[in-house]
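Structure at a glance
Listed below, chain by chain, are the residues.
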Amino acid sequence: MSHRFRKLTPFSQQSRRRQRAAYIELKNNIRRASAILGGAFHTHDFLHGQNGWADVYFPGSKAPVFYNAALQTKRAAFKDAVWDAAWERSYALAPDIEPSLLDRMVKDPVSGNYVVPEREPVRYPALSGLTRMEWVQAQLPLIADEGTIQVYEEWTLHRDYSYGIGLHATLDVPYLTIAAINSFIERFLADESGYRAKHPCKYTHADIEHWGLESNALIEPWEWGSIGSDDDKP
């Protein structure tokens with residue numbers, strides 16, 4: 001899950017003029033994207049209908065408050081937690097002995113530039129002779145099916161963001177479609193506070209369709225026509 005504009009001076013401690021300028025800019029972006037997104041939020045992420053995460057921005061109930069929200073589905077949260085657990089176990093078994101990029105750099109006699117030569121990946125005896133990535137990937141099905149990792153539908157507020165009020169949310173939806181995001185915003189604005197479901201959810205390795213890295217194309221909504229758009233229009 002991505003988190004933009006998190007540090008620097010917290011939004012609530014900025015001047016009223018600066019807060020209002022950011023708020024007006026967001027409102028203008030929302031207005032410009034309203035025909036596509038429905039008029040409640042703005043995003044720089046291309047919503048193709050099967051997103052597992054997205055960064056969105058939407059006004060609070062009282063100006064100039066607005067929210068800088070990092071959203072993810074429960075399945076995306078589960079996948080990230082499994083990956084994190086696998087990496088942690090790998091380092092517990094085999095501390096890192098990979099040379100740093102700086103240590104590996106050599107000067108190219110032709111160009112004079114510093115380059116990193118290709119080399120065989122490090123294999124760890126403690127990881128069954130595998131590279132760290134090979135071992136981690138092999139552990140994903142085992143950790144996912146242990147049943148120890150649970151995820152909740154929940155959201156928390158983070159007031160250290162410099163651009164709006166930070167909001168991290170894990171949603172009980174298959175994908176972050178335009179309709180799903182609008183529905184969440186409506187739910188959140190009912191009280192603008194944190195939330196956690198009473199019961200957790202467990203998944204298995206087979207429940208996750210794609211275990212690789214998920215990236216989103218960065219493009220303004222009014223430019224989506226050049227690459228296609230989400231079929232799930234408001």
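Residues numbered from 1 in each chain as written. Predicted model: local features only at pLDDT ≥ 70, side-chain atom pairs only at ≥ 80, totals over all residues. Heavy atoms only, no water.

What follows is about the overall build of the chain. Counting its regular elements, the chain contains 5 helices and 8 strands. Moving toward the C terminus, one meets the helices and strands of the chain in the order α-β-β-β-α-α-β-β-α-β-β-α-β. Per-residue burial over the chain gives 42% buried out of 234 residues. Long-range contacts, defined as pairs at least 24 residues apart, comprise 72% of the intrachain contacts of the chain with a sequence gap of at least 6. Carbon together with sulfur atoms contributes 52% to the accessible area of the chain, which is approximately 13200 Å² in total. Both charge centroids of the chain, one from 26 positive and one from 30 negative side chains, sit 9 Å from each other. (Helix = DSSP H or I, 4+ residues; strand = E, 2+ residues; numbered from the N terminus. Buried < 20%, exposed > 50% of the residue type's maximum accessible area, 1.4 Å probe, protein only. Contact = heavy atoms within 4.5 Å. Areas by Shrake-Rupley, 256 points an atom, 1.4 Å probe, with all protein chains shown as cover. Lys, Arg positive; Asp, Glu negative; His and termini not counted. Charge placed at Lys NZ, Arg CZ, Asp CG, Glu CD.)

Here we take up the environment of D80. Locating D80 in the fold gives a position in helix α2 (residues 74–93). A sequence separation of 42 residues divides D80 from G38, and the C-alpha atoms of the two residues are 30 Å apart.

Time to look at the packing of aromatic side chains. A complete count under the given rule lists 13 aromatic pairs for this structure. These aromatic residues form a ring-pair network of at least three members: F58, Y67, W155, F184, F188 and Y195. We note R132 situated over the ring of Y124; from NZ or CZ to the ring centre the distance is 4.5 Å. For the cation-ring pair, R187 lies above Y195, with the distance from its terminal atom to the ring centre recorded as 5.8 Å. (Phe/Tyr/Trp six-rings, centres within 6.5 Å; stacked < 30°, edge-to-face > 60°. Lys NZ or Arg CZ within 6 Å of the ring centre and 35° of its normal.)

Moving on: helix α1 (residues 16–37). Approximately 35° is the largest bend angle found in α1, and it occurs at R31. Q19, A22, Y23, L26, N29, I30, A33, I36 and L37 are the residues of α1 that are buried. Against the buried residues of α1 lie β1 (42–43), β2 (53–59), β3 (66–73) and α5 (178–188). Once α1 finishes, G38 follows within two positions and takes phi at roughly 105°, a positive value. (Bend = angle between axes of the 7 residues up to and from the residue.)

Turning next to a nonpolar patch on the surface. On the surface, a nonpolar cluster with roughly 420 Å² of combined accessible area is contributed by L102, M105, Y114 and V116. Here V116 shows up in the loop between β5 (114–115) and α4 (132–144). Given the relative accessible area of 32%, V116 is considered partly exposed. (Patch = residues over 30% accessible without salt bridge, like charges linked within 9 Å, V, L, I, M, F, W, Y side chains within 5 Å. Salt bridge = Lys/Arg side-chain N within 4 Å of Asp/Glu carboxyl O.)

Moving on, we come to α2. Spacing of three or four residues puts side chains on the same side of an α-helix, whose turn is 3.6 residues. For α2, with 20 residues, the first-to-last C-alpha span of 29 Å sits near the 28 Å given by 1.5 Å per residue. Its buried side turned inward, α2 meets β3, α4 and β7 (165–171). (Expected span 1.5 Å × (residues − 1).)

Another point: the side chain of E153. In this structure, E153 sits in the loop between α4 and β6 (154–158). For E153, a relative accessible area of 12% gives the class buried. Here the side chain of E153 touches D172 through a polar contact of 3.0 Å, landing on its backbone nitrogen. Of the polar contacts made by the side chain of E153, one reaches the side chain of R187; its length is 3.2 Å. Those residues in contact with E153, other than ones at most four positions away along the chain, are K74, T170, L171, D172, R187, Y195, R196 and A197. (Polar contact = N/O pair within 3.5 Å; in protein donor to acceptor, adjacent residues only side chain to side chain.)

The subject of this paragraph is the pairing of β7. Within β7, 7 of the 7 residues are buried, leaving the element largely enclosed by the surrounding structure. Residues I165, L167, A169 and L171 of β7 are buried on one face, and the alternating residues G166, H168 and T170, pointing to the opposite face, are buried as well. Taken together, the 7 bridges between β3 and β7 define a ladder with parallel strand orientation. By the bridge assignment for β7, N68 is matched with G166. With 5 bridges connecting them, β6 and β7 associate as antiparallel partners. By the bridge assignment, L157 is partnered in β7 with L167. (Pairing = 2+ DSSP bridges.)

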